[in-house]
Amino acid sequence: MSEILVLVDHLDGAVRKTTGELLTLARRLGTPSAVFIGSGADSAQTYLAQYGAEKVYVLDAPELTEYLVAPKAEALAQLVSDKQPAAVLIGSSAEGKEIAGRLAIKTGSGLLTDVVDVRAGGDGVETTQSVFAGNFTVEATVTKGTPIVTVKPNSVTPEEAPAAGAVEAVTVTVSDAAKTARITDSKPREATGRPELTEAAIVVSGGRGTGGDFSQVEAFADALGAAVGASRAAVDSGWYPHSFQVGQTGKTVSPQLYVANGISGAIQHRAGMQTSKTIVAVNKDEEAPIFELVDFGVVGDLKEVLPQATDEVNKR
Ligand code: FAD
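What counts and how
Residues numbered from 1 in each chain as written. Predicted model: local features only at pLDDT ≥ 70, side-chain atom pairs only at ≥ 80, totals over all residues. Heavy atoms only, no water. Helix = DSSP H or I, 4+ residues; strand = E, 2+ residues; numbered from the N terminus. Rg over C-alpha atoms; globule rule 2.2 N^0.38 Å. Buried < 20%, exposed > 50% of the residue type's maximum accessible area, 1.4 Å probe, protein only. Contact = heavy atoms within 4.5 Å. Areas by Shrake-Rupley, 256 points an atom, 1.4 Å probe, with all protein chains shown as cover. Lys, Arg positive; Asp, Glu negative; His and termini not counted. Charge placed at Lys NZ, Arg CZ, Asp CG, Glu CD. Arc of directions from axis to C-beta. Phe/Tyr/Trp six-rings, centres within 6.5 Å; stacked < 30°, edge-to-face > 60°. Expected span 1.5 Å × (residues − 1). Axes fitted to C-alpha atoms, helices over the stretch in contact; angles between N-to-C directions. Parallel < 35°, antiparallel > 145°, perpendicular 65-115°, else oblique. Left-handed = near helix turned anticlockwise from the far one by under 90°. Nonpolar A, V, L, I, M, F, W, Y, C, P; charged D, E, K, R; others polar. Near = heavy atom within 4 Å. Polar contact = N/O pair within 3.5 Å; in protein donor to acceptor, adjacent residues only side chain to side chain. Core = buried A, V, L, I, M, F, W, Y, C linked by side-chain atoms within 4.5 Å. Pairing = 2+ DSSP bridges.

A. Summary view of the overall build of the protein chain. Summing up its helical and strand segments, the protein chain has nine helices and 16 strands in all. For 316 residues, the compact-globule estimate of 2.2 N^0.38 gives 20 Å, and the C-alpha radius of gyration of the protein chain, at 21 Å, lies within 12% of that figure. For the protein chain, the proportion of its 316 residues judged to be buried stands at 48%. Put simply, 63% of the contacts in the protein chain that link residues at least 6 apart link residues at least 24 apart. Total accessible area on the protein chain is roughly 14800 Å²; 50% of this is exposed by carbon and sulfur atoms. Computed over 27 positive and 39 negative side-chain charges, the separation of the two mean positions in the protein chain equals 3 Å.

B. Focus on the environment of Ala169. With respect to the helices, strands and loops of the structure, Ala169 is situated in strand β11 (residues 166–170). Distance in space between the C-alpha atoms of Ala169 and Phe36 is 9.6 Å, their sequence separation being 133 residues.

C. Here's a closer look at helix α6 (residues 215–224). Every buried residue belonging to α6 is among Gln216, Val217, Phe220 and Ala221, and all of these are buried. Taken end-on, α6 shows its buried residues confined to a sector of 135°, consistent with a single buried face. Looking at the buried positions of α6, the neighbouring elements they touch are β12 (202–206), β13 (227–230), β14 (257–261) and α9 (302–315). Directly beyond the C-terminal end of α6, a positive phi value near 65° is found at Gly225.

D. Representation of the packing of aromatic side chains in the model. Applying the stated rule across the entire model yields three aromatic pairs. Measuring from ring centre to ring centre gives 4.4 Å for Phe214 and Tyr240, while their planes differ by 20°; the resulting arrangement is stacked. A residue pair is termed long-range when its members are at least 10 positions apart, and Phe214 in the loop between β12 and α6 and Tyr240 in the loop between α7 (232–236) and β14 qualify at 26 residues. You'll find Phe214 and Tyr240 in the same group, each marked buried.

E. Structural context of helix α5 (residues 94–107). Here α5 is 14 residues long and its end C-alpha atoms lie 20 Å apart, about the 20 Å a rise of 1.5 Å per residue gives. Within the sequence span of α5, burial applies to Gly96, Ile99, Ala100, Leu103 and Ala104. Buried residues along α5 cover an arc of 135° about the axis, so they all sit on one side. Away from the buried face of α5 by more than 90 degrees, exposed residues Ala94 and Ile105 are located. Turning to α5, the residues buried within the fold contact β1 (3–7), α4 (70–83), β6 (87–91), β7 (111–121) and β10 (148–151). In the stretch just after α5, Gly108 is the one whose phi turns positive, near 60°.

F. Looking closely at the packing of α4 against α5. Contact geometry of α4 with α5 gives a least axis separation of 9 Å together with a crossing angle of 50°. The pairing of α4 with α5 is recorded here as oblique in orientation. The crossing of α4 and α5 is right-handed. Mapping the contact onto sequence places Ala70, Lys72, Ala73, Glu74, Leu76, Ala77 and Val80 in α4 and Glu95, Ile99, Arg102, Leu103, Lys106 and Thr107 in α5. Looking at the contact of α4 with α5 residue by residue, the classes come out as seven nonpolar, one polar and five charged.

G. The site of the ligand, seen in detail. Taken together, 24 residues form the shell around the ligand, and within it Arg208, Ser231, Thr249, Ser264 and Gln268 come nearest. At 2.9 Å from an oxygen atom of the ligand is found a main-chain nitrogen or oxygen belonging to Arg232. Between the ligand and the protein, one listed contact pairs an oxygen atom with a side-chain N or O atom of Asn283 at 2.8 Å. Starting from 990 Å² of accessible surface for the ligand in isolation, the protein chains cover 76%. Among the elements of the structure, α7 and α8 (267–270) are those that each provide at least two residues to the shell around the ligand. Across the shell around the ligand, the residue classes tally to five nonpolar, 14 polar and five charged.

H. Here's a closer look at the nonpolar core. By size, the foremost hydrophobic cluster in this structure holds 30 residues, and its most contacted members are Leu48, Val56 and Leu89. Looking at this core, the elements that each hand over two or more residues are β1, α1 (17–26), β4 (31–37), α2 (41–50), β5 (55–59), β6, β7 and β10. Within the second largest apolar cluster, 27 residues are counted, among which are Ile37, Leu59, Val88 and Ile99.

I. Quick look at the sheet that holds strand β8 (residues 124–131). Strand order in the open sheet formed by nine strands is β9-β8-β7-β10-β6-β1-β4-β5-β11, with mixed pairing between adjacent strands. Where the open sheet ends on each side, the last strands, each with one partner, are β9 (136–141) and β11. The sheet shows a mean angle of 35° between the axes of neighbouring strands, direction not considered. Here five bridges tie β4 to β5, and the two strands are oriented parallel to one another. Within the sheet, the bridge partner assigned to Ser33 lies in β5 and is Lys55. The strands touched by α2 are β4, β5 and β11; relative to β4, the strand with the most contacts, the crossing angle is about 160°.

Put into structure tokens, the structure is as follows:
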């Protein structure tokens with residue numbers, strides 16, 4: 001079967017869930033091989049084998065972590081030219097999309113971004129993209145070079161499929177031309193103790209209806225062991241950081257449970273959460289568009305509803 005390269009999304013060897021999703025999609029196209037760039041591959045190997053990587057190519061050189069993006073794209077391009085895979089799948093993060101763009105240029109290949117589904121077809125790799133806040137789907141296929149595809153997080157549920165996960169160290173050379181931006185400092189964001197937004201099984205979000213006070217949203221999230229999300233109105237008002245924004249210009253989440261509090265349900269917000277398995281909304285306006293989407297709706301003031309819900313959860 002043809003080889004499909006999957007770029008591992010990790011932080012010092014801690015693999016993010018998106019990698020399991022990419023490996024799951026890659027199995028529909030051929031035999032997945034994971035590409036691990038940087039240090040810490042040892043701690044990632046078990047996960048990668050568990051989710052179906054037959055091989056794990058390890059590309060480790062100081063320049064790959066000292067500099068931003070360009071050396072990674074260059075190293076990946078060398079591997080693509082050597083292995084001639086049938087496709088390359090990369091997560092649709094800011095870094096993933098930049099690597100994918102540079103890789104497409106270097107290999108003279110077609111690139112499809114923000115894909116939500118892939119399958120093998122008569123024209124090679126066929127993809128579905130969700131555009132205009134999820135209002136249109138576009139079916140597309142790459143006609144030139146090696147298909148390079150970035151996949152939106154949470155587009156598929158990661159499925160285990162144990163494979164060999166055989167490690168192969170790959171020597172890469174990084175040119176001076178790729179050393180364009182050196183990392184001078186890097187510190188982790190202050191730990192909240194909550195799960196990462198795109199990885200969480202439960203997300204509790206707040207919107208303009210919070211009036212800027214997220215304490216009740218956070219308390220309910222903590223009772224449920226959930227991540228906190230925010231609408232753009234809340235983010236634009238400076239009430240919550242942009243990294244927590246859910247929607248078209250924020251993150252896409254697809255948790256088991258999404259609870260929208262004081263959020264009207266604009267299409268741009270829906271674009272980031274409408275594939276959640278169960279959706280609950282608390283809104284004081286019974287005509288709010290979010291109620292068209294929900295599995296359970298509570299018409300009420302979130303300042304009264306959330307403390308009661310938090311107490312009930314904490315009692316259990
Ligand atoms: P509102 O629409 O003002 O809704 C507030 C809701 O809170 C109302 O339904 C109200 O009834 C309810 N409410 C008020 N007080 C209470 C209370 N005490 N208790 C319970 N309910 C209460 N938006 C996003 O969220 N994410 C995006 O990524 C995003 N991207 C965008 C990209 C573009 C190009 C554009 C044009 C817009 C984008 N938006 C995005 C903005 C989007 O159109 C909406 O403006 C935004 O989602 C509204 O946020 P909201 O629901 O919090 O506020």
